[in-house]
Amino acid sequence: MSHTVRNVLVVNAGSSSLKFMLFDMSQERMLAKGQVERIGIGDALFTFSTEGFSEKQTPCEAPNHAAAIRLACDALTAPAKGGCLKSFADIDAVGHRIVHGGEKYSKPVRLDEHALKEIEKLSPLAPLHNPGALQGIRGCEQVLPGVPHVAVFDTAFHQTMPEESYLYALPRELHDKLGVRKYGFHGTSHRFVTERAAEILGKPSDQVNLVTCHLGNGSSITAVKGGKCFDTSMGMTPLAGVVMGTRSGDVDPAIAFYLMKNGYSADDVDALFNKQGGVKALCGSSDMRDVCSACEAGNRDAQVALARLVHSYAMYVGGYVALLGRTDAIILTGGIGENSWETRQAFLKALSGLGITLDEAANRATRGVEATISGKDSAIPVIVVPTNEELMIARETFTILNP
Ligand code: ADP
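Keep in mind that what you see is a predicted model, and the values were worked out from it rather than measured. Each chain has its residues counted from 1, following the order in which its sequence is written. For this predicted model, a pLDDT threshold of at least 70 governs which residues receive local features, and a threshold of 80 or more governs which side-chain atom pairs are given and counted, while totals over whole chains, interfaces and linings are taken from all residues. In computing side-chain properties, one takes all heavy atoms of the structure into account and sets aside hydrogens as well as water.

Novice: How would you explain the overall build of the chain if you had to name every residue and give the values?
Specialist: Scanning the chain from N- to C-terminus turns up 15 helices and 14 strands. On C-alpha atoms alone, the chain measures out to a radius of gyration of 22 Å, which is about the 22 Å that the 2.2 N^0.38 rule sets for 403 residues. On the principal axes, the C-alpha backbone points of the chain span a range of 60 × 50 × 45 Å. Counting only residues that meet the buried cut, the chain has 50% of its 403 residues in that class. Whether two residues are in contact is decided by their heavy atoms: any pair within 4.5 Å suffices. Sequence-distant contacts, at least 24 apart, represent 61% of the contacts inside the chain between residues at least 6 apart. Using a 1.4 Å probe, the Shrake-Rupley method yields the accessible areas, and only the shown protein chains count as cover for residues. Put simply, the chain shows about 18400 Å² of open surface, and 52% of that area lies on carbon and sulfur atoms. Of the side-chain charges in the chain, 39 are positive and 44 negative, and the distance between the mean point of each set is 1 Å. Strands are runs of DSSP state E lasting at least 2 residues, helices are runs of H or I lasting at least 4, and numbering of each runs from the N terminus. We compute the radius of gyration over the C-alpha atoms and compare it with the globule rule, which gives 2.2 Å times the number of residues raised to the power 0.38. Only protein chains enter the accessibility calculation, which uses a 1.4 Å probe; a residue is then buried when its area is under 20% of its type maximum, exposed when over 50%, and partly exposed in between. Residues scored as positive are Lys and Arg, those scored as negative are Asp and Glu, and His as well as the terminal groups of each chain are ignored. Where a charge lies is defined by one atom per residue type, namely NZ (Lys), CZ (Arg), CG (Asp) and CD (Glu).

Novice: Describe the site of the ligand, and please don't skip the residues or the numbers.
Specialist: We call a residue near a molecule or strand when any one of its heavy atoms sits within 4 Å of it. Among the 13 residues in the neighbourhood of the ligand, the closest are listed as Asn 217, Asp 287, Met 288, Gly 335 and Arg 367. Contacts to the ligand include Asp 287, whose side-chain N or O atom sits 2.3 Å from an oxygen atom. Polar contact is the term for a pair of N or O atoms within 3.5 Å; when the atoms are in protein, one must be able to donate a hydrogen and the other to accept it, and sequence-neighboring residues count only if both atoms are side-chain atoms. A distance of 3.5 Å separates a nitrogen atom of the ligand from a polar atom in the side chain of Asn 339. In isolation the ligand has 570 Å² of accessible area, and contact with the protein removes 72% of it. For the shell around the ligand, the secondary-structure elements that each account for two or more residues are helix 10 (288–296) and helix 12 (334–339). Here the element with the most residues in the shell around the ligand is helix 12; it accounts for four residues.

Novice: Hey, could you go over the sheet that holds strand 13 (residues 371–372) for me, with residue numbers and the actual values?
Specialist: Pairing within the open sheet is mixed, and its six strands lie in the order 11-10-9-12-14-13. Taken across any chain shown, the strands that pair with only one partner, and hence form the sheet edges, are strand 11 (228–232) and strand 13. Relative to strand 11, strand 10 (residues 219–225) runs antiparallel, the two being bridged by four bridges. Opposite Val 224, over in strand 11, you have Cys 229 as the bridge partner. Here an axis means a line fitted to C-alpha atoms, over the contact stretch when the element is a helix, while the angle between two N-to-C directions is reported on a 0 to 180 degree scale. Most of the contacts of helix 6 (residues 187–201) go to strand 9 (residues 210–215), to which it runs at about 130°, and overall it touches strand 9, strand 10, strand 12 (329–333) and strand 14 (382–384). Relative to the sheet, helix 11 (residues 300–324) contacts strand 9, strand 10, strand 11 and strand 12, its axis offset from that of strand 10 by approximately 10°. Pairing between two strands is assigned when DSSP locates at least 2 bridges connecting them.

Novice: Lay out the packing of aromatic side chains in plain terms, naming residues and giving numbers.
Specialist: The criterion for an aromatic pair is that two Phe, Tyr or Trp rings (for Trp, the six-membered ring) have centres within 6.5 Å, with stacked assigned to planes under 30 degrees apart, edge-to-face to planes over 60 apart and tilted to the rest. For the coordinates displayed, the defined rule picks out seven aromatic pairs. Taking the centre distance of 5.1 Å and the plane angle of 70° together, the rings of Tyr 313 and Phe 347 count as edge-to-face. Linking Tyr 313 in helix 11 with Phe 347 in helix 13 (residues 341–350), this pair joins segments that are 34 residues apart in sequence. Each member of the pair, Tyr 313 together with Phe 347, is buried. Three or more aromatic residues link up through ring pairs in this structure, and these residues are Phe 20, Phe 46, Phe 48 and Phe 53. Directly above the aromatic system of Tyr 166 lies the positively charged group of Arg 181, at a separation of 3.6 Å from the ring centroid. Distance and angle both matter: a charge sits over a ring if NZ of Lys or CZ of Arg is within 6 Å of the ring centre and within 35 degrees of the ring normal. Over the ring of Phe 230 we find Lys 225; its NZ or CZ atom is 4.5 Å from the centre of that ring.

Novice: Kindly report on the pattern of salt bridges, identifying the contributing residues and their values.
Specialist: The salt bridge criterion pairs a side-chain nitrogen of Lys or Arg with a carboxyl oxygen of Asp or Glu, the two atoms within 4 Å. As enumerated under the stated definition, the model contains 18 salt bridges in all. Residue Glu 396 is joined to Arg 191 by a salt bridge in which the shortest nitrogen-to-oxygen separation is 2.7 Å. Here Arg 191 lies in helix 6 and Glu 396 lies in helix 15 (residues 389–401), a separation of 205 residues in the sequence. Look at Glu 396 and you get buried, because its relative accessible area is 12%. Between Lys 203 and Asp 328 there is a salt bridge whose closest N-O contact spans 3.4 Å. Within this pair, whereas Lys 203 is found in the loop between helix 6 and strand 9, its partner Asp 328 is found in the loop between helix 11 and strand 12, the two being separated by 125 residues in sequence. By relative accessible area, which is 14% here, Asp 328 ends up buried.

Novice: Lay out the sheet that holds strand 5 (residues 53–60) with the relevant residues and their values.
Specialist: In space, the eight strands of this open sheet follow the order 5-4-3-2-1-6-8-7, with mixed pairing throughout. Edge positions in the sheet fall to strand 5 and strand 7 (109–110), since each has one partner strand and no second. One ladder, built from four bridges, connects strand 1 (residues 7–13) with strand 6 (residues 93–98); its direction is parallel. Bridge pairing in strand 6 links Leu 9 to Val 94. Across the face of the sheet, helix 15 comes into contact with strand 1, strand 2 (18–24), strand 6, strand 7 and strand 8 (149–153) while running at roughly 125° to strand 6.

Novice: Talk me through unusual backbone geometry; I want residue IDs and the actual numbers.
Specialist: Not every positive phi belongs to a glycine, and Arg 38 is a case in point at roughly 60°. Here Arg 38 lies in the loop between strand 3 (29–37) and strand 4 (44–50). With a phi angle near 60°, His 186 is a residue other than glycine that sits in the positive phi range. Of note, His 186 is situated in the loop between helix 5 (172–178) and helix 6. Since its relative accessible area comes to 12%, His 186 is described here as buried.

Novice: Summarise the side chain of Glu 118; cite the residues concerned and give the values.
Specialist: Tracing the backbone shows Glu 118 in helix 2 (residues 113–121). Excluding residues that lie within four positions of it along the chain, Glu 118 makes contacts with Lys 104 and Tyr 105.

Novice: Quick one: what's the story with the packing of helix 11 against helix 13, residue by residue and with numbers?
Specialist: The N-to-C vectors of helix 11 and helix 13 enclose an angle of 50°; their axes lie 9 Å apart at closest approach. When the axes of helix 11 and helix 13 are compared, the pair comes out oblique. Judged by the sense of rotation from one axis to the other, the crossing of helix 11 with helix 13 is right-handed. Here Leu 306, Leu 309, Val 310, Tyr 313, Ala 314 and Val 317 of helix 11 lie close against helix 13, whose contacting residues are Thr 343, Ala 346, Phe 347 and Ala 350. Charged means Asp, Glu, Lys or Arg here, nonpolar means Ala, Val, Leu, Ile, Met, Phe, Trp, Tyr, Cys or Pro, and polar covers whatever is left, Gly included. Grouping the constituent residues of the contact of helix 11 with helix 13 by class yields nine nonpolar, one polar and no charged. Our angle categories are set so that under 35 degrees counts as roughly parallel, over 145 as roughly antiparallel, 65 to 115 as roughly perpendicular, and the remainder as oblique. When the near helix sits turned anticlockwise from the far one by under a right angle, the crossing is termed left-handed; a clockwise turn instead gives a right-handed crossing.

By themselves these figures say nothing about function.
The following block contains the structure:
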């Protein structure tokens, strides 16, 4: 590296959207954020904010990802929009979020042609995500050439899982030839809250044993042993594990064959399990705010959906507490974990068999902030830790460039 890295732009690109956040890593401070929606499909929209400026969903021209990132960089250097940067040259590095790093990447990687080809080879494992991220990288490289670009993978944190966690009980050749195994997702978030929880608990991060619960539209629960992932609830794809907003989570896989023998196509089954399943299938809404207010109003379907949801969470937590032997804390994060006191209350009640108790007042008062919500007598403390995946990507980008 010829220059010191200070300003890191974090980019999370999908096939038709690009979210970005700029950090000053000398203070780990977020300077600006925004997103471009509807890239390449017409009627594109731009959203941007800095400390003193905000614009929401303004029409813009974004025929491709390069145009989208140019809009972002123009805004970042526009004095009228908060003026965080003088010129594009003030962006020292770009950190890209990549969903799937397969077995190849257990750490972030500085991008070059070789790494880009490797990520492209992993696209069959994440057909909805990796191709869009690659378009994002190519676009950013056009607009910001000569700047180091780093890929940070959602799967990387989970690469420490032992075979007993990641192997499915299926013929080995499926793993060897087709990559069929558990990978796990949300790794950047599980890693962020693991590091923060270690600080809160006053332990070195390589000595903490945790169950980290990232609960949002997509949810996953991870057993962290000695600061590393030991097992996680999502699988080869983000469909497995706990019940989610529109994803079924674990189901008997034979249901898929049964449906296909009864006239459903593979795509129908995919859509049923990924988009029409989960809490939405059980009570009509995938948003826990709606579900919890319907519960309060006495809606039976919503009550069953909430009970089914926390039942699935508790089964993973119970299993992981057993596997870990010693659990220092259970960590809750993500939109639901950070904000939905009703869901947390039902969840902790479902864990009472583990000697976990609830501090009702603390739980009700906690929204989007760090707090312990278990009672003083709880066998395991339960702590809410807001996640910050973008900051984690910026940190990882910074670290790899300033070893
Ligand atoms: P994603 O997985 O898409 O990143 P989030 O982590 O933002 O999703 O989580 C979305 C979920 O969080 C939704 O079910 C939403 O209802 C829930 N949520 C967000 N804010 C609140 C809130 N204030 N109260 C209750 N639930 C909330």
